[in-house]
Amino acid sequence: MSTWKEKLAEQINPAWAEEIDVFETQLEQRRQGKLDEKIFAETRLRRGIYGQRYDNGQRHDGIRTQEIAYPSGSLTKGPDTAWDAPGMQRIKIPFGGMIPDQMEVLADMSEEYSDAILHVTTRQDFQLHFVHIDDTPDLMRRLAAVGITTREACGNSVRNVTACPLAGVCRDEAFDVTPYARAISRFLLGHPDAQNFGRKFKVAFSGCRDHACGLVSMHDMGAIAVTKNENGKEKRGFELYVGGGLGAVPHQAKLFDSFLAEEDLLPTAQAMARVFARLGEKNIRSRARIKFLVAKLGIDEFRRLVVEERETMPEDERWTDYLPDVPHDQEKAVREGQSLNGQARSEGFQQWYETNVYQQRQADYVVVTITLPLGDLSAWQMRGLADLARRFAGDNVRTTVEQNIVFRWVSESDLPDLFQELERVGLSEPGAGSIVDVTACPGTDTCKLGIASSRGLAAEIRTRLASQFMAMDESVRNLRIKISGCFNSCGQHHIADIGFYGTSRTISSRKVAHFQLVLGGKWTENAGSYGLAMGSVPAKRIPEVLERITQRYVKERTHGQSFQDFIRHIGKQELRNSLEDLMKVPAYEEDSTFYSDWGDPREFTMGDMGIGECAGEVVSVVDFDLAAAERLVFEAQIQLDEGDYSRADELAYSAMLQAAKALIKTEFLDVQDDPDILVEEFRRRFYETKLFHDKYAGGKFAHYLFRRYESPSQEHTREHVHTLVEEVQLFIEAAHACWERIAQRQVAAASASGPNAEQPVQ
Amino acid sequence: MELQRLGVKFFLHDSSQLKLGDLVPVFHSWIQKQLVEDHILVDVHNYSHVHEGPGILLVAHEGNFSIDLRDGRLGLFYYRKQPLDGALESRLKNIFRTTLQGVRLLENEPQLGKVQFKTDELLLVANDRLNAPNTEATFQLLEPELSRFFGQLLDGDDFTLTRQEDPKERFTVRVQAGHSQDTQALLDRLD
């Protein structure tokens, strides 16, 4: 056989085979310049192919920005994206479910087309990095041959449908959501009504309300299994939520229906997709998620439109044709369930058993969590797991949103043997779902949007905490840490007990990696509440911050007090005061380690920014004003916590105006404090000139100011003000970034003009 | 056989000689100084948290280098990603030249102290299950050409070629020679 296409022709679903052939043709068209780069970019995204860091052909090597002279020259696979640049392939795994044959092919793909590493994402997908686009059609064919598609893994489409990894075996669930997650995943894949969204659409399923499960509250559409008694018979349905999401500004989903009958699930999802496609924002990307449509229309009007749409849709037999099979949708164990009785146990077993084993509701069976450090495992480990799955778990393997893998339906009596085998493949780490099991998005390692090294920080925290794990107070052991490399929340920092997201600060004209500390989020109750940023801490101080907060929690918590209650009780002001010394950055000459990020020895500076006194002077003035804005938004948070929503709103708005003023003063020192003038000046000098625009988010953050200025809310609800505070944080971060860009330009201009050049206007 | 995606692993004399974390700044410096011939170096990735994984990875357009930890044995693994011109012998020469250049750079790197690679054992990997399935038939097909190549590279030293037989793994041949020679000597023979 000369090609994979020929070799696998009989094994691939013909429709999938054709789609991949079409994609291969589009790839060739683009190579020949016969397909527009923007169209090709969205085309490849819808096949799960993302750009990766440095794909614009430039990389700062710690000394200077080097051009990466790819042989493809000017050929691009999207705007500013070199054809030959390594990219990322995301692979959808609906509800995380996979079988050993699929695991083996995934392992082969990582070896032959990537770097022999499989990365589990926070949406139960896999990601392969450093993949060349020319390899992607064969990669897709080989996956398709074992029933895996990459279609709509990215792009403005229905993303991987996630579900609780315990579905079907959970002790508390109303019923197993797996068949419904599978059905909706298949139904919406490539559905014509789901092709014209302004942004992505994420769906999740949970079997119960109280646990974290599928994190329903942070999804565009989330379904919680519920039952009711109807004429003496149990009737299945869903508590359906819509309009949730993390992202830069998180939204809690709204209740759409307290009991949506199972037969109405698919048609309602389709009707929602149609309403979203028709009425959702298309031009302003940052307002295009369904959460903004729901907020704009109000949940009642949105519901009315969806119900009305549902009535107009032609019947589709796929809506219900899977339902008769649902009662028979049972997983099969490969071994007879037996209790754990007296078998010899090796060293380390007990600790692993306590954290990584969950008793199924089916007697003598357990779910085993295989902890993957940073969500990574190697190709040979994946093959090893496939072999172990065949022996101990059968086809009952799932990925989790905490970037781990679970084996379900393991006989309890097999645990000692399984543990030994996991030790052999280096995957017997204890601590699943604990403070050492840190979740992190790819961050600056590979993501184009990453600001700071989320994985570098996660690795450092894991290493430090792992050695202390057994000695830790149980209350601390059970905390969760989640880290994002930027404000976009791929690491789900909003719902962690302790979350971080990457930012940067300029200290004496050098950039320093920082992380915003986010406290008060709730993982349980399906992501029941979102935390708020407390302040920006230098990346290198984060381990100390963590130690200080957790030690205080152990010392001062009252019996049974949750971490969230403890934070509330202490108060953010007091907590921030206690961390104030850790927020400072020593001078470069005093300790240069602060000026590089975790796991990356390169200096954390933008390429060619000089170290001129002129920039230094200006920085101090603007930074002073921006710090004042940060203080104001922090005070807004305090008022929010204390329930004075009106005052919180006022302070948050003032913070945004203060940050805008800081920037305006770089051009117009005597600007007045009048909001009308500040907004007008900001609009003219920074928005219309696009100086404030983020490379990827455009003018999104400026809109937060304009919206608050133009439409101040008349009703100050907690949710509304919470959202405003989030927006203000992002506005201030954007102001920092904007100032850094301005300072670089000033330095460059000063250098170009020679030593006698004028100082920049303050 | 149109075999392109070949890889080579040279093992360290003593795995304890190298601290993985020390490789991160070294690989970054390779990028800063563009030290690898005919390679567009892209980035460094740290996989030291993965048990017996790729360790520290240096990504290049043409092929990747990694301090591979498989089976607990540290070594420099280079695998080609982009096609090369010429017959198999020429491609083998090219890939060995690049790998040995990497080996020499590490052996001469002051930040790493004195690390030494052995040449009496190495792995040749075909990262291509389509063109080189891990079968005896593939081995039989390639064995004469590989024998010729290693005969020249090892300058007449005795050696054996053994296929690693797990059919799920990539086609991998272990080359076992009578003596460990200087890496520079091997490199010189490739010219």
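Please read these numbers as outputs of a predicted model, since none were measured by experiment.

### Notes on the overall build of chain A
Per the secondary structure count, chain A includes 23 helices and 24 strands. Oriented by its inertia axes, the alpha-carbon framework of chain A measures out at about 80 × 70 × 55 Å. Buried positions account for 55% of the 762 residues belonging to chain A. Summarising the internal contacts of chain A: among those between residues at least 6 apart in sequence, 71% fall at separations of at least 24.

### So, the overall build of chain B
When helices and strands are tallied, chain B shows four helices and eight strands. For 191 residues, the compact-globule estimate of 2.2 N^0.38 gives 16 Å, and the C-alpha radius of gyration of chain B, at 16 Å, lies within 12% of that figure. Referenced to the eigenvectors of the C-alpha coordinate spread, the extents of chain B come out at roughly 40 × 35 × 30 Å. Here chain B holds 191 residues, and 41% of them are scored as buried. Contacts spanning at least 24 positions in sequence make up 60% of the contacts within chain B whose residues lie at least 6 apart.

### Considering the interface of chain B and chain A
A common way to express how large an interface is: the accessible area buried when the components associate. Taken together, the contact pairs 29 residues of chain B with 36 residues of chain A. Within the residue set of the side of chain B that touches chain A, elements represented by two or more residues are α1 (20-33), β2 (41-47) and β3 (55-60) of chain B. Partitioned by chemical class, the residues of the side of chain B that touches chain A number eleven nonpolar, ten polar and eight charged.

### Thoughts on the nonpolar core
Counting residues in each nonpolar core, the largest one holds 276 residues, and the members touching the most others are A:Ile184, A:Ala652, A:Ala655, A:Met656 and A:Phe731. Setting aside residues no more than four positions away along its own chain, A:Ile184 makes contact with A:Val161, A:Val203, A:Leu265, A:Leu266 and A:Ala269.

### Quick notes on the domain arrangement of chain A
Residues and elements named next belong to chain A. Along its sequence, chain A is carved into domain 1 (4-144), domain 2 (170-328), domain 3 (434-606) and domain 4 (609-762). Inter-centroid distance (C-alpha atoms) of domain 2 to domain 3 is 33 Å. Every contact between the two is made by 16 residues of domain 2 and, on the other side, 13 residues of domain 3. Split into classes, the residues belonging to the side of domain 2 that touches domain 3 amount to nine nonpolar, five polar and two charged.

### Quick look at the confidence of the model for chain A
Residue and element names in this part refer to chain A. Put simply, chain A has an average pLDDT of 90, and 96% of its residues get 70 or more. Within the model, pLDDT remains below 50 along residues 606-620, and this stretch shows 35 contacts once partners closer than five positions in the same chain are excluded. Of the regions scoring below 50 in pLDDT, residues 754-762 engages in ten contacts with residues more than four places distant in sequence or in other chains.

### Overview of helix α2 (residues 88-107) of chain B
Residues and elements named next belong to chain B. For α2, built from 20 residues, the straight-helix expectation of 28 Å at 1.5 Å per residue is met to within 8% by its first-to-last C-alpha distance of 28 Å. Looking only at α2, the buried set comprises Leu 92, Ile 95, Phe 96, Thr 98, Thr 99, Leu 100, Gly 102, Val 103 and Leu 106. Buried positions along α2 lie against β1 (6-12), β4 (63-68), β5 (75-80), β6 (117-126), α3 (136-153) and α4 (183-189).

### Focus on the pairing of strand β24 (residues 532-538) of chain A
All names here are of chain A. Within β24, seven of the seven residues are buried, leaving the element largely enclosed by the surrounding structure. Note: strand β23 (residues 510-519) against β24, six bridges, orientation antiparallel. Each residue of the ladder has a partner; that of Val 518, found in β24, is Ala 533.

### Description of the environment of A:Gln362
All names here are of chain A. If you trace the backbone, Gln 362 turns up in the loop between β15 (357-359) and β16 (365-370). Sequence separation between Gln 362 and Gly 337 is 25 residues; the distance between their C-alpha atoms is 8.7 Å. When neighbours within four sequence positions are excluded, Gln 362 is seen to be in contact with Val 169 and Gly 337.

### A closer look at helix α5 (residues 136-144) of chain A
The buried count for α5(A) comes to nine of nine residues, which makes it a mostly enclosed element. Among the residues making up α5(A), those that are buried are A:Thr136, A:Pro137, A:Asp138, A:Leu139, A:Met140, A:Arg141, A:Arg142, A:Leu143 and A:Ala144.

### With respect to unusual backbone geometry
All names here are of chain A. Positive phi is not limited to glycine here, since Leu 374 has a value of about 55°. As for its position among the elements, Leu 374 is in the loop between β16 and β17 (376-378). Since 24 C-beta atoms lie within 10 Å of it, Leu 374 is described here as buried.

### Details of the packing of helix α20 (residues 645-664) of chain A against helix α22 (residues 700-710) of chain A
Residue and element names in this part refer to chain A. Following both chains from N to C, one finds α20 and α22 inclined at 125°, their axes separated by 11 Å at the closest point. By the angle between their directions, the pair α20 and α22 is classed as oblique. Between α20 and α22 lies a crossing of left-handed hand. Across from Tyr 653, Met 656 and Ala 660 in α20, the residues of α22 making contact are Tyr 704, Leu 705 and Arg 708. Of the residues that constitute the contact of α20 with α22, the class distribution is five nonpolar, no polar and one charged.

### Observations concerning the sheet that holds strand β22 (residues 498-507) of chain A
Sheets are built from strands that pair by backbone hydrogen bonding, the pairs being arranged parallel or antiparallel. Residues and elements named next belong to chain A. Pairing is mixed across the open sheet formed by five strands, whose spatial order is β20-β21-β22-β23-β24. Each edge of the sheet is formed by a strand with only one pairing partner; in this case those strands are β20 (439-440) and β24. In this structure, strand β21 (residues 481-484) lies alongside β22, joined through four bridges in parallel fashion. Each bridged residue has a counterpart across the sheet, and for Ser 484 the counterpart in β22 is Tyr 501. In the packing of helix α16 (residues 542-556) onto the sheet, the strands contacted are β22, β23 and β24, and the crossing angle to β22 comes to about 135°.

### Some thoughts on the environment of A:Asp417
Residue and element names in this part refer to chain A. Looking at the element boundaries, Asp 417 is found in helix α12 (residues 415-424). In this structure Asp 417 comes out as partly exposed when scored by C-beta crowding, with 16 C-beta atoms within 10 Å. In sequence terms Asp 417 and Gly 207 are 210 residues apart; their C-alpha atoms lie 31 Å from each other.

### Quick notes on the sheet that holds β2(B)
Residue and element names in this part refer to chain B. The sheet built from eight strands is open, its strands ordered β2-β3-β4-β5-β1-β6-β8-β7 with antiparallel pairing. The open sheet has two free edges, formed respectively by β2 and β7 (159-163), since each of these has just one partner strand. Between one strand axis and the next, the sheet turns through 15° on average, direction left out of account. In terms of strand pairing, β4 meets β5 through six bridges, oriented antiparallel. Its bridge partner lying in β5, Phe 65 is registered against Tyr 78. Of the strands in this sheet, β1, β4, β5 and β6 are in contact with α2, which crosses β5 at around 145°.

### Some remarks on the packing of α20(A) against helix α21 (residues 675-687) of chain A
Residues and elements named next belong to chain A. At a closest axis distance of 9 Å, the pairing of α20 and α21 adopts a crossing angle of 55°. With respect to α21, the element α20 is oriented oblique. Where α20 crosses over α21, the two elements pack in a sense that is left-handed. Residues Leu 657, Ala 660, Lys 661, Leu 663 and Ile 664 of α20 touch α21, and the partners they reach there are Pro 675, Leu 678, Glu 681, Phe 682, Arg 685 and Phe 686. Looking at the contact of α20 with α21, its residues break down into eight nonpolar, no polar and three charged.

### Looking at the confidence of the model for chain B
The pLDDT averaged across chain B works out to 95; a share of 99% of its residues lies at or above 70. Both confidence scores are given for the complex: pTM 0.88, ipTM 0.98.

### Things to note about the environment of A:Asp172
Residues and elements named next belong to chain A. By the element assignment, Asp 172 lies in the loop between β10 (162-163) and α6 (178-188). Under the C-beta neighbour-count criterion, Asp 172 is labelled exposed, with 12 such atoms within 10 Å. Residues Asp 172 and Glu 311, 139 residues apart in the sequence, show an inter-C-alpha distance of 35 Å. Residues contacting Asp 172, with those up to four places away along its chain left out, are Cys 208, Asp 210 and His 211.

Conventions we followed
Residues numbered from 1 in each chain as written. Chains lettered and ligands numbered in written order. Predicted model: local features only at pLDDT ≥ 70, side-chain atom pairs only at ≥ 80, totals over all residues. Helix = DSSP H or I, 4+ residues; strand = E, 2+ residues; numbered from the N terminus. Buried ≥ 20, exposed ≤ 12 C-beta atoms within 10 Å, placed from the backbone. Contact = placed C-beta atoms within 7 Å. Rg over C-alpha atoms; globule rule 2.2 N^0.38 Å. Nonpolar A, V, L, I, M, F, W, Y, C, P; charged D, E, K, R; others polar. Core = buried A, V, L, I, M, F, W, Y, C linked by C-beta atoms within 7 Å. Domains from an automatic or database assignment. pLDDT = per-residue confidence, 0-100. Expected span 1.5 Å × (residues − 1). Pairing = 2+ DSSP bridges. Axes fitted to C-alpha atoms, helices over the stretch in contact; angles between N-to-C directions. Parallel < 35°, antiparallel > 145°, perpendicular 65-115°, else oblique. Left-handed = near helix turned anticlockwise from the far one by under 90°.

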